[in-house]
Amino acid sequence: MKIQLNGRQVLTAASTLSELLHEQQIDAACVATAFNGMFVPRTQYDSQLLEEGCQLEVLSPMQGG
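Residues numbered from 1 in each chain as written. Predicted model: local features only at pLDDT ≥ 70, side-chain atom pairs only at ≥ 80, totals over all residues. Heavy atoms only, no water.

> It is not clear to me how the sheet that holds strand 3 (residues 32-35) should be interpreted in this structure. Could you clarify?
Strand pairing in a sheet relies on backbone hydrogen bonds. The paired strands run either parallel or antiparallel. Spatial ordering of the open sheet is given by 2-1-5-3-4, a layout of five strands whose pairing is mixed. In this open sheet, the two edge strands, each paired with only one partner strand, are strand 2 (8-11) and strand 4 (38-40). Ignoring which end each strand starts from, the neighbouring axes of this sheet average 35° apart. (Pairing = 2+ DSSP bridges. Helix = DSSP H or I, 4+ residues; strand = E, 2+ residues; numbered from the N terminus. Axes fitted to C-alpha atoms, helices over the stretch in contact; angles between N-to-C directions.)

Laid out in structure tokens, this is it:
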């Protein structure tokens, strides 16, 4: 299926957010995610189903000042 990941179109076989992060080699413990503009708690990564055309933002925290 085709989804939007951080503003770019991605073709994925993943069905959940957790599977997508693994597929994209993103460490789930080090990111925050939003699904169609809504924050997804890490505890829901395994149950958050992906759907055709959905928009995901995956962000890594930054330090500094």
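> Would you mind going over the side chain of T12 with me for this structure?
Structurally, the position occupied by T12 is in the loop between strand 2 and helix 1 (17-23). Within the structure, the side chain of T12 is placed 2.6 Å from the side chain of E23, a separation counted as a polar contact. Other than its neighbours up to four places away in sequence, T12 contacts M1, I3, L20 and E23. (Polar contact = N/O pair within 3.5 Å; in protein donor to acceptor, adjacent residues only side chain to side chain. Contact = heavy atoms within 4.5 Å.)

> It is not clear to me how the environment of L5 should be interpreted in this structure. Could you clarify?
Topologically, L5 is positioned in strand 1 (residues 2-5). The spacing of L5 and T16 is eleven residues in sequence and 13 Å in space, taken between C-alpha atoms. Setting aside chain neighbours within four positions, we find L5 in contact with V10, L20, Q24, L56 and V58.

> What should I look at first to understand the pairing of strand 2 in this one?
Successive side chains on a regular strand alternate, one facing one side of the sheet and the next facing the other. Two elements, strand 1 and strand 2, share four bridges in a ladder whose sense is antiparallel. Of the residues in strand 2, the one forming a bridge with L5 is R8.

> Please explain the environment of F39 as it appears in this structure.
Residue position: F39 is located in strand 4. A sequence separation of 18 residues divides F39 from E57, and the C-alpha atoms of the two residues are 9.2 Å apart. What F39 contacts, discounting residues up to four positions off in sequence, is T33 and A34.

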